[in-house]
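Tertiary structure, described
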Amino acid sequence: MELNGTPATLDQIKTLALTNYGHFTSMLVESGKVRGLSLHLQRLAHDCRHLFNTELDTDRVRAYVRNVLTGDERTVARVTVFDPALNLGTIGSEADPHVLVTAREASRGEPSPWRLQAASYSREEPKVKHVGLYGAMRHRRTAQREGFDDVLFLNPNGTISEIATSNIGFIRDGQTIWPRSEMLPGTTMRLINQALDQPITTEPVTLADLESMEAAFATNAATGVRPIASIEGVEWNTDHKAIHELRELYADIPPEQV
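Definitions and cut-offs
- Residues numbered from 1 in each chain as written.
- Predicted model: local features only at pLDDT ≥ 70, side-chain atom pairs only at ≥ 80, totals over all residues.
- Heavy atoms only, no water.
- Helix = DSSP H or I, 4+ residues; strand = E, 2+ residues; numbered from the N terminus.
- Rg over C-alpha atoms; globule rule 2.2 N^0.38 Å.
- Areas by Shrake-Rupley, 256 points an atom, 1.4 Å probe, with all protein chains shown as cover.
- Lys, Arg positive; Asp, Glu negative; His and termini not counted.
- Charge placed at Lys NZ, Arg CZ, Asp CG, Glu CD.
- Buried < 20%, exposed > 50% of the residue type's maximum accessible area, 1.4 Å probe, protein only.
- Contact = heavy atoms within 4.5 Å.
- Polar contact = N/O pair within 3.5 Å; in protein donor to acceptor, adjacent residues only side chain to side chain.
- 1 Å grid on protein atoms, 1.4 Å probe; cavity = no way out; pocket = protein on both sides within 12 Å on 5 of 7 lines; lining within 4 Å.
- Points joined across faces, edges and corners; volume = space filled by probe spheres on them.
- Nonpolar A, V, L, I, M, F, W, Y, C, P; charged D, E, K, R; others polar.
- Salt bridge = Lys/Arg side-chain N within 4 Å of Asp/Glu carboxyl O.
- Core = buried A, V, L, I, M, F, W, Y, C linked by side-chain atoms within 4.5 Å.

**Things to note about the overall build of the protein chain**
Counting its regular elements, the protein chain contains 6 helices and 16 strands. Scaling as 2.2 N^0.38, a compact globule of 258 residues should have a C-alpha radius of gyration of about 18 Å, and the protein chain matches this with 19 Å. The principal-axis extent of the C-alpha atoms belonging to the protein chain is close to 50 × 40 × 35 Å. Accessible area for the protein chain stands at about 12500 Å²; split by element, carbon and sulfur atoms hold 47% of it. Between the centroid of the 26 positive side chains of the protein chain and the centroid of its 34 negative side chains there is a distance of 3 Å.

**Here we look at helix 5 (residues 187–195)**
Among the residues making up helix 5, those that are buried are Thr187, Thr188, Met189, Leu191, Ile192 and Asn193. In this structure, the buried side of helix 5 is in contact with helix 2 (37–52), strand 10 (167–172), strand 11 (175–179), strand 13 (215–220), strand 14 (224–231) and helix 6 (241–251).

**Side note on the environment of Lys14**
In this structure, Lys14 sits in helix 1 (residues 10–18). Lys14 sits 70 residues away from Pro84 along the chain, and the two C-alpha atoms are 7.7 Å apart. At 3.0 Å, the side chain of Lys14 and the side chain of Asp11 are in polar contact.

**Focus on empty space enclosed by the protein**
Within this structure, the stated rule accounts for 1 cavity of 30 Å³ or more. By volume, the largest cavity amounts to about 40 Å³. Lining the largest cavity, in full, are Val29, Ser31, Gly32, Leu69, Thr70, Gly71, Glu73 and Thr75. Counted by class, the lining of the largest cavity contains 2 nonpolar, 5 polar and 1 charged residues.

**Some words on the pattern of salt bridges**
Pairs may arise between side chains of opposite charge once their charged atoms sit close together. Following the criterion strictly, the structure yields 11 salt bridges and no others. For the salt bridge of Arg74 with Glu30, the shortest nitrogen-to-oxygen distance reads 2.5 Å. One end of the pair, Arg74, is in strand 5 (residues 74–82); the other, Glu30, is in strand 3 (residues 23–30), with 44 residues separating them in the sequence. With a shortest N-O distance of 2.9 Å, Arg140 and Asp150 are connected by a salt bridge. Taken together, the residues Arg140 in helix 4 (residues 134–145) and Asp150 in strand 8 (residues 150–154) connect sequence positions 10 residues apart. The network of salt bridges with shared partners includes Glu30, Arg35 and Arg74.

**Thoughts on the nonpolar core**
Grouped together as the largest cluster of nonpolar side chains are 22 residues, with contacts concentrated most on Val61 and Val79. The element that contributes the greatest number of residues to this core is helix 2, accounting for 6 residues. If near-sequence neighbours (up to four positions away) are discounted, Val61 is found in contact with Leu41, Leu44, Leu56, Val79 and Val99. Counting residues in each nonpolar core, the second largest holds 19 residues, with Ile160, Ile163, Val205 and Val234 among its members.

Here it is in structure tokens:
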């Protein structure tokens, strides 16, 4: 764990817990390369302008990420941008964002299918990947304690938006369908859309529409494409041909050197 390229101290990072104001992105690094690295950096720059009214030096971010990488292992690197000097009373001050980089070993093999519980919830400022995860984690905890793997969020009008920390897509008549909703457009979702040899289809999707879907999947930078086994009482074949094709499509996207 490094802050601005040097080992971080507890005193430096305590603001993340006590003030909880900042933003982040997580990426899978394989042999020093990342699929969608440019998209991750664009997200960081956009969110930094939005939260701190300042520009982020993304070349500096890349150097900090390189600092924490060792060897050729698969690593999930998380870049968190926050200002250690800001507290509850001074949150309106001019900001000097710092860059915290943490790394953990990535899981190997294909991700296991998920069973999702639906819950009515909308993340605050969904298009920003901010560190305010209480609501999402509270609903994930409830879902897991009731025997599910994760939680699927529903808007007040009953339409589907996203999973707690992933996007969700569906297959119908061989077509990839994304929910039309306010959500965080993930890097994996965006890369797949760029690579798909078909028009991008979005539409409002409700729980009542799930029976018409042939398959469902989740996308996340750390795990790629994950099949969805069920949402509430609707179940799907997790070995669907389209899921394999999406995985192959994603695997063929050239990664970028950090």
